[in-house]
Number of protein chains: 2
Amino acid sequence: MKTSKITILILAAAVIVLAVALILQRRTPAIQTGSPIEVIMTRSSVRSYTDKPVAKESVETLLRAAMAAPSAVNKQPWAFVVVDDRALLSSLAEALPNTKMAAEAQLAIVVCGDMRKTLEGEAALFWVQDCSAATENLLLAAHAQGLGAVWTGIYPNAARADAVRSILGLPSYIVPLNVIPVGYPASENTPKDKWKPENIHTNGWQAEAE
Amino acid sequence: MKTSKITILILAAAVIVLAVALILQRRTPAIQTGSPIEVIMTRSSVRSYTDKPVAKESVETLLRAAMAAPSAVNKQPWAFVVVDDRALLSSLAEALPNTKMAAEAQLAIVVCGDMRKTLEGEAALFWVQDCSAATENLLLAAHAQGLGAVWTGIYPNAARADAVRSILGLPSYIVPLNVIPVGYPASENTPKDKWKPENIHTNGWQAEAE
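Just so we're clear, the structure is a prediction, and the values are computed from it rather than from any experiment. (Residues numbered from 1 in each chain as written. Chains lettered and ligands numbered in written order. Predicted model: local features only at pLDDT ≥ 70, side-chain atom pairs only at ≥ 80, totals over all residues. Heavy atoms only, no water.)

So, on to the overall build of chain A. Assigned secondary structure in chain A consists of 6 helices and 6 strands. Starting at the N terminus and walking to the C terminus, you meet the elements of chain A as α-α-α-β-α-β-α-β-β-α-β-β. Computed over its C-alpha atoms, the radius of gyration of chain A comes to 24 Å, more than 25% above the 17 Å expected for a compact globule of 210 residues. On the principal axes, the C-alpha backbone points of chain A span a range of 90 × 55 × 35 Å. In chain A, which comprises 210 residues, the share counted as buried stands at 49%. Accessible area of chain A: about 9600 Å², with a carbon and sulfur share of 58%. Across chain A, the 19 positively charged side chains and the 19 negatively charged ones have centroids separated by 11 Å. (Helix = DSSP H or I, 4+ residues; strand = E, 2+ residues; numbered from the N terminus. Rg over C-alpha atoms; globule rule 2.2 N^0.38 Å. Buried < 20%, exposed > 50% of the residue type's maximum accessible area, 1.4 Å probe, protein only. Areas by Shrake-Rupley, 256 points an atom, 1.4 Å probe, with all protein chains shown as cover. Lys, Arg positive; Asp, Glu negative; His and termini not counted. Charge placed at Lys NZ, Arg CZ, Asp CG, Glu CD.)

Each assigned domain of chain A is listed here: domain 1 (2–30) and domain 2 (37–183). For domain 1 of chain A and domain 2 of chain A, the distance between their C-alpha centres works out to 49 Å. (Domains from an automatic or database assignment.)

Moving on, we come to the pairing of strand β5 (residues 174–183) of chain A. The side chains of a regular strand alternate between both faces of the sheet. Residues and elements named next belong to chain A. Counting buried residues along β5, 10 of its 10 residues qualify, which places the element largely inside the surrounding structure. One ladder, built from 8 bridges, connects strand β2 (residues 107–114) with β5; its direction is antiparallel. Each residue of the ladder has a partner; that of D114, found in β5, is I174. As judged from the 2 bridges shared by strand β3 (residues 148–149) and β5, these two strands associate in the antiparallel manner. Its bridge partner lying in β5, G148 is registered against G183. (Pairing = 2+ DSSP bridges.)

All names here are of chain A. At a minimum axis separation of 7 Å, helix α3 (residues 56–67) and helix α5 (residues 126–144) run at an interaxial angle of 145°. Once α3 is placed against α5, the crossing between them reads as right-handed. Seen from α3, the contacting residues are T61, L62, A65 and A66; seen from α5, they are A134, N137, L138, A141 and A142. (Axes fitted to C-alpha atoms, helices over the stretch in contact; angles between N-to-C directions. Left-handed = near helix turned anticlockwise from the far one by under 90°. Contact = heavy atoms within 4.5 Å.)

Of the residues lining the interface, 85 residues belong to chain A; the matching set on chain B comes to 85 residues. Our enumeration of links across chain A and chain B arrives at 0 salt bridges. The tally of links from chain A across to chain B stands at 27 residue pairs in polar contact (both at pLDDT 80 or more). Looking at the side of chain A that touches chain B, the elements that each hand over two or more residues are α1 (2–32), α2 (36–42), α3, β1 (78–83), α5, α6 (158–168), β5 and β6 (200–202) of chain A. The element contributing the most residues to the side of chain A that touches chain B is α1(A), with 13 residues. Grouping the constituent residues of the side of chain A that touches chain B by class yields 49 nonpolar, 20 polar and 16 charged. Sheet topology note: the β1(A)/strand β6 (residues 200–202) of chain B ladder contains 3 bridges and is parallel. By the bridge assignment, V82(A) is partnered in β6(B) with T202(B). (Salt bridge = Lys/Arg side-chain N within 4 Å of Asp/Glu carboxyl O. Polar contact = N/O pair within 3.5 Å; in protein donor to acceptor, adjacent residues only side chain to side chain. Nonpolar A, V, L, I, M, F, W, Y, C, P; charged D, E, K, R; others polar.)

All names here are of chain B. If you trace the backbone, Q106 turns up in the loop between α4 (86–95) and β2 (107–114). Of note is the side chain of Q106, whose polar atom sits 3.5 Å from the backbone oxygen of T50. Within the structure, Q106 has its side chain in polar contact with the backbone oxygen of D51 (distance 3.3 Å). What Q106 contacts, discounting residues up to four positions off in sequence, is T50, D51, K52, P53, V54, D84, R86, L89, V182 and G183.

The following block contains the structure:
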């Protein structure tokens, strides 16, 4: 009799623990990671960062996401320079008017076009589109991991490209498209609402009511 | 005594049911919907489609995702032409050597740059990067919804751009960047493995071992 009462108590406790675990787990997915669409819709430019270091694995995920992008005729005409050296980050921040936040970022990734891997003739320019798709993947992968990042444009600004080339010792066939400072966000970031139905046309161009 | 035995049996059964539910739920997230990172890593170009119609809400999600992209100085220099008219889809397929699959697609979205919304001078060219980021968002949102799509490049190919402009009646300030046929995939699509650690450089350029 006493044994069975203890057994009942133990089993009842187990039921409660398991039920609570089940309820907590049911709630986890929605909080933990957003759906892919939600991640796309809530990404925003993050320009200030905490001191929290970014794990090597997280950086690798950013680069894996970038290289998963499509490219014209699958040329993959890209190269990535990861900068986590404090002096180099400061140099980039000093040289580039739109990349000041690199000075306090944990790292920056410079997305580059590799001119040895492009298509021929006017199609060579597809590298810009390919590397831009790779960059957007990188930004989304950052947001999905709770990191913050911002796309600071370099190409086609020749002065900015020269500065990056000089600081990082890039050869002439490597063209820096942008510098992406990365870190954990120092504050909440509210995404802009950029939904404009007037940007949409159906089966041809309709003149806007302007 | 008998009552306590029954209680023990009921509680033991509850423990088993809850434990199984907990284990099953722990497995669910990975199977159910891909995580954002998984969606980025598994997207691939889809060039053949079933007859299944694509809901208007799904198309709107593609366009919302596209417009959520970042753009230089937040200019949002884009416009989108949704084509679901069968005759127009056939015309695009006939005129564009790399867009044959539009003929059997449920729809196509033409991502365009709007030259009235760009920055000034050489920075005007940032529209290509902005619209490419929007396109990558659109492709990821398609894959996240179980749709298939493929980026067929138009700009900077002048002949292709003229063909699209003529078929869709685009004004001179609208430059078609690409045509994205969309539909439910007719077959399984295996993503290419494009991970190449040799694309990664750290704190400056290191000569490749070639």
